[in-house]
Amino acid sequence: FPKGVPWVRYHGIYKDMTINVIWLGQDRVLGVNSVGTVSASLVTYASIQALQPDLIINAGTAGGFKAKGACIGDVFLASDVAFHDRRIPIPVFDLYGVGLRQALSTPNLVKELNVKVGRLSTGDSLDMSAKDEAFIIANDATVKDMEPQMTDLSKGRGCSSGLNTVLAVPCTFGDPREKGAAIAYVADLLKVPAIFLKAVTDIVDGDKPTAVEFRQNLAAVAAILDQAVTQVVDFIKEKCISEL
């Protein structure tokens, strides 16, 4: 990575796959975790350039909408991702602002993990303003993230050897979410398939304040997410993209 950035790379071998875990690090001035779409975009671009992955897995937490069937602890694979806080009320620019993109279709993975599927909407705030809510509804989103975590899989692009290199940006306390659509933008730009795995820590349209519910459930939901990510890595072993 470029000199001076706070990003940290952990890597090792798991079942013949090289796994890279990328932590976005902490802000050099304030000392808090580097959350948000700007950090996510930068580290995704730098990681793709450095590691040339075959697959990106964005694994992290999210708020869920009970009106769309989400419950605390549910794990979702996103079918599509979009932004809800890039409002540009000019024809065509409005579509660019929303930035709707399709995630990699993984029907076999969905069946194997027995997870839910829904649209993911991304913004740069933990709360949800009335305008955010309107865009989230328009996006038909089931889960809302604030900072996508990224995992990148496999340098071997052919089916003969399957996927073998993984890059992950894990979610930690104080490093909530808000990145999914940012990672999707970069992945699409550089033509790297991406999947988005989100575990629900809070109910956005529920009665509890988001920050309170998020903190209350983070540890337990992170454990659920850890298990789901392990299942994903085990499943993709020796498979090519078309088999997911």
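Thresholds applied
- Residues numbered from 1 in each chain as written.
- Predicted model: local features only at pLDDT ≥ 70, side-chain atom pairs only at ≥ 80, totals over all residues.
- Heavy atoms only, no water.
- Helix = DSSP H or I, 4+ residues; strand = E, 2+ residues; numbered from the N terminus.
- Buried < 20%, exposed > 50% of the residue type's maximum accessible area, 1.4 Å probe, protein only.
- Contact = heavy atoms within 4.5 Å.
- Areas by Shrake-Rupley, 256 points an atom, 1.4 Å probe, with all protein chains shown as cover.
- Pairing = 2+ DSSP bridges.
- Core = buried A, V, L, I, M, F, W, Y, C linked by side-chain atoms within 4.5 Å.
- Polar contact = N/O pair within 3.5 Å; in protein donor to acceptor, adjacent residues only side chain to side chain.
- Salt bridge = Lys/Arg side-chain N within 4 Å of Asp/Glu carboxyl O.

**A look at the overall build of the protein**
Then, in step 1: Scanning the protein from terminus to terminus reveals six helices and 10 strands.
Then, in step 2: Going through the 244 residues of the protein one by one, you find that 50% of them count as buried.
Then, in step 3: Put simply, of all contacts in the protein between residues at least 6 apart along the chain, 75% involve residues at least 24 apart.
Then, in step 4: Split by element, the accessible area of the protein, about 11,200 Å² in all, is 56% carbon and sulfur.

**Concerning the pairing of strand S2 (residues 17-23)**
Then, in step 1: The pairing of strand S1 (residues 8-14) with S2 spans seven bridges and is classified as antiparallel. Bridge assignment links Tyr14 to a residue of S2, and that residue is Met17.
Then, in step 2: Between the end of S1 and the start of S2, which pair antiparallel, lie two residues, with Lys15 showing a positive phi angle near 50°.

**Considerations on the nonpolar core**
Then, in step 1: With 23 residues, the main nonpolar core has Ile56, Val81, Leu120, Val143, Phe196 and Val200 as its most contacted residues.
Then, in step 2: For this core, the secondary structure elements donating two or more residues are helix H1 (37-51), strand S3 (55-64), strand S4 (75-83), helix H5 (180-189) and strand S10 (194-203).
Then, in step 3: For this core, the element with the highest residue contribution is H5, accounting for six residues.
Then, in step 4: Excluding its chain neighbours within four sequence positions, the residues that come into contact with Val81 are Gly99, Leu100, Arg101, Leu120, Ala181, Ala184 and Phe196.
Then, in step 5: Counting 21 residues, the second-largest nonpolar core is a separate cluster that includes Ile19, Leu55, Val75 and Leu109.

**Examining the environment of Thr44**
Then, in step 1: Looking at the element boundaries, Thr44 is found in helix H1.
Then, in step 2: The buried category is assigned to Thr44, whose relative accessible area is 0%.
Then, in step 3: Sequence spacing of Thr44 and Ile183 is 139 residues, and the spatial spacing of their C-alpha atoms is 6.3 Å.
Then, in step 4: Here the side chain of Thr44 touches Ala40 through a polar contact of 2.6 Å, landing on its backbone oxygen.

**Some details on the pattern of salt bridges**
Then, in step 1: Taken as a whole, this structure holds six salt bridges when the rule is applied.
Then, in step 2: Asp188 serves as the salt-bridge partner of Arg101, at 3.3 Å between the closest nitrogen and oxygen. With Arg101 in strand S5 (residues 101-102) and Asp188 in helix H5, the pair connects residues that are 87 residues apart, well separated along the chain.
Then, in step 3: Put simply, Asp145 and Lys198 hold a salt bridge, and the shortest N to O gap is 3.0 Å. Linking Asp145 in strand S7 (residues 141-145) with Lys198 in strand S10, this pair joins segments that are 53 residues apart in sequence.

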